[in-house]
Each structure stands twice: as structure tokens, then as C-alpha cells.
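In case you want the letters, here they are:
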Amino acid sequence: MKAGEGPDETVVTTGGSAGAAVETIQREMTAFARRARASAGRMHPELSLVSYTLLGHLEESGGCRATDLAAHYALDKSTVSRQVAVLERAGLIERRLDPDDHRVQVLHLTEAGTRILAQVTESRRIAFRERLADWPPEDLERFATYLVRYNTASGASRASDRKVPES
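Every value quoted in this text rests on a predicted model; they were computed, and no experiment measured them. (Residues numbered from 1 in each chain as written. Predicted model: local features only at pLDDT ≥ 70, side-chain atom pairs only at ≥ 80, totals over all residues. Heavy atoms only, no water.)

1. A short note on the packing of helix 2 (residues 49-61) against helix 5 (residues 111-131)
Between helix 2 and helix 5, the least distance of the axes is 10 Å, while the angle of their chain directions is 115°. For the element pair helix 2 / helix 5, the angle class is roughly perpendicular. Our pair here, helix 2 against helix 5, has a crossing hand that is left-handed. Taken together, the residues of helix 5 that come into contact with helix 2 (itself represented by Leu49, Tyr52, Leu55, Gly56 and Glu59) are Thr114, Leu117, Val120, Thr121 and Arg124. For the contact of helix 2 with helix 5, the class distribution of residues is five nonpolar, three polar and two charged. (Axes fitted to C-alpha atoms, helices over the stretch in contact; angles between N-to-C directions. Helix = DSSP H or I, 4+ residues; strand = E, 2+ residues; numbered from the N terminus. Parallel < 35°, antiparallel > 145°, perpendicular 65-115°, else oblique. Left-handed = near helix turned anticlockwise from the far one by under 90°. Contact = heavy atoms within 4.5 Å. Nonpolar A, V, L, I, M, F, W, Y, C, P; charged D, E, K, R; others polar.)

Okay, here's the thing in C-alpha cells:
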């Protein structure tokens, strides 16, 4: 990609150093995260990016304990506890006794939680499609490949890479 491609993009020229490229990547990923947090509120006013992420994990896992959420996202138990309380009050998740161990409570999406998660997921999908509508298919495929590569790199398993922004 050459400098000046795109109306408001900052790009790294091929003559730049790897260090400059890494700095650009870091800056742009931070901007991406900020935009994702801001857009989450527009998608559904009561559903923060953290809440959306936790609901998505509960759906994907079929339910789990709050301590499992804390461990997965490398968050303090108190942070997860606050988020869970908000989601419970909103009627989006519920606690159920673990059938194998009645001392354990497992968090599950409610019907409302499943419905809202699906609505927000579709809204996000539409927003991504609109933002990427002008990209050629080859660029989309390359971008997707790079994101998967970045997120599955050996360093991606570190707790600091899995952290969900606290709100």
C-alpha cells in the first residue's frame, strides 16, 4: 500500500522501518478498539462492548461460571461480578445450578439475552460490511488472514492479549 491511498488513512510506506510499522499497527488497533467501544453503545444502549463480549462467550460456551469468564478474559473476579450483576438485572443472563455440582452456579443467556445478542451481532455485521464495502475481495481476504494470524500467534495466548476492556 502506498502513502495517500484512501481518504483519511495513515499508511506505512514500504520504505519504512519495521518499528514504524509496529507503531502504526498499535496506534490503529487502539483506534479500532476505541471505535468498537463507542459503536457498541449505538448498537444497543444498554449493552457495552464488555457485556457484548461476555454474552458472546456465554453463547459460544453454552454457559459457564463467572470465575471461568474471569479466567478466560484475565479479569478480576470483582470486575466480572459487576458485569454479571448488570446483565442479570437487565434480564439477559440467569444463574442455574450445575447439574453435576449443585454448589456451583452456571451463567446462561436468557431468551432476551439470546435475542439481543443476535440483534447486536447482526448490527455489527452490517456496520462492518458497510465500512468494508469498497474494499476489493483480495484485500478483504488478506486482511482477514492477517487478523487470524495475529490473533492466533503464539503470543496471543498470553493473558494480556485476551483482556476485555473494563468498563
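From this point, the narrative continues.
2. What to know about helix 5
Spanning 21 residues, helix 5 covers 30 Å between terminal C-alpha atoms, matching the ideal 30 Å at 1.5 Å per step. Residues Gly113, Ile116, Leu117, Val120 and Arg124 constitute the buried set of helix 5. Mapping the buried residues of helix 5 onto a view down its axis gives an arc of 100°, with all of them on the same face. Structural note: helix 5 exposes Glu111, Arg129 and Glu130 on the side pointing more than 90 degrees away from its buried face. (Expected span 1.5 Å × (residues − 1). Buried < 20%, exposed > 50% of the residue type's maximum accessible area, 1.4 Å probe, protein only. Arc of directions from axis to C-beta.)

3. Details of the environment of Ala90
Mapped onto the elements, Ala90 comes out in the loop between helix 4 (77-89) and strand 1 (93-97). Judged by relative accessible area, which is 47%, Ala90 ranks as partly exposed. Distance in space between the C-alpha atoms of Ala90 and Ala112 is 9.0 Å, their sequence separation being 22 residues.

4. Observations regarding the confidence of the model for the protein
Per-residue pLDDT for the protein has a mean of 82; in total, 78% of the residues score no lower than 70. Model confidence for the protein, summarised as mean pLDDT per element, is weakest for helix 7 (residues 159-162) at 48 and strongest for strand 2 (residues 105-109) at 96. Predicted confidence is poor over residues 1-8, with pLDDT under 50, and the contacts of this stretch with residues over four places away or in other chains come to nine contacts. (pLDDT = per-residue confidence, 0-100.)

5. Some thoughts on the packing of aromatic side chains
Here the distance between the centres and the angle between the planes together describe a pair of aromatic rings. By the definition in use, this model includes two aromatic pairs. Plain terms: the ring middles of Phe32 and Phe128 are 6.4 Å apart, the flat faces sit at 40° to each other, and that makes the pair tilted. Of the two residues, Phe32 is situated in helix 1 (residues 18-43) and Phe128 in helix 5; the sequence distance between them amounts to 96 residues. A residue is classified by how much of its surface remains accessible, and Phe32, at 45% relative accessible area, is partly exposed. Ring centres of Trp135 and Phe143 lie 5.3 Å apart, and the angle between their planes is 50°; this geometry places the pair in the tilted category. Residue classification places Phe143 among the partly exposed residues on the basis of a relative accessible area of 37%. (Phe/Tyr/Trp six-rings, centres within 6.5 Å; stacked < 30°, edge-to-face > 60°.)

6. Points about a positive patch on the surface
A cluster of basic side chains, namely Arg34, Arg35, Arg37 and Arg131, defines a positive patch on the protein surface. For the positive patch, the element with the most residues is helix 1, which contributes three residues. By the secondary structure assignment, Arg131 is in helix 5. By relative accessible area, which is 55% here, Arg131 ends up exposed. (Patch = residues over 30% accessible without salt bridge, like charges linked within 9 Å, V, L, I, M, F, W, Y side chains within 5 Å. Areas by Shrake-Rupley, 256 points an atom, 1.4 Å probe, with all protein chains shown as cover. Salt bridge = Lys/Arg side-chain N within 4 Å of Asp/Glu carboxyl O. Lys, Arg positive; Asp, Glu negative; His and termini not counted. Charge placed at Lys NZ, Arg CZ, Asp CG, Glu CD.)

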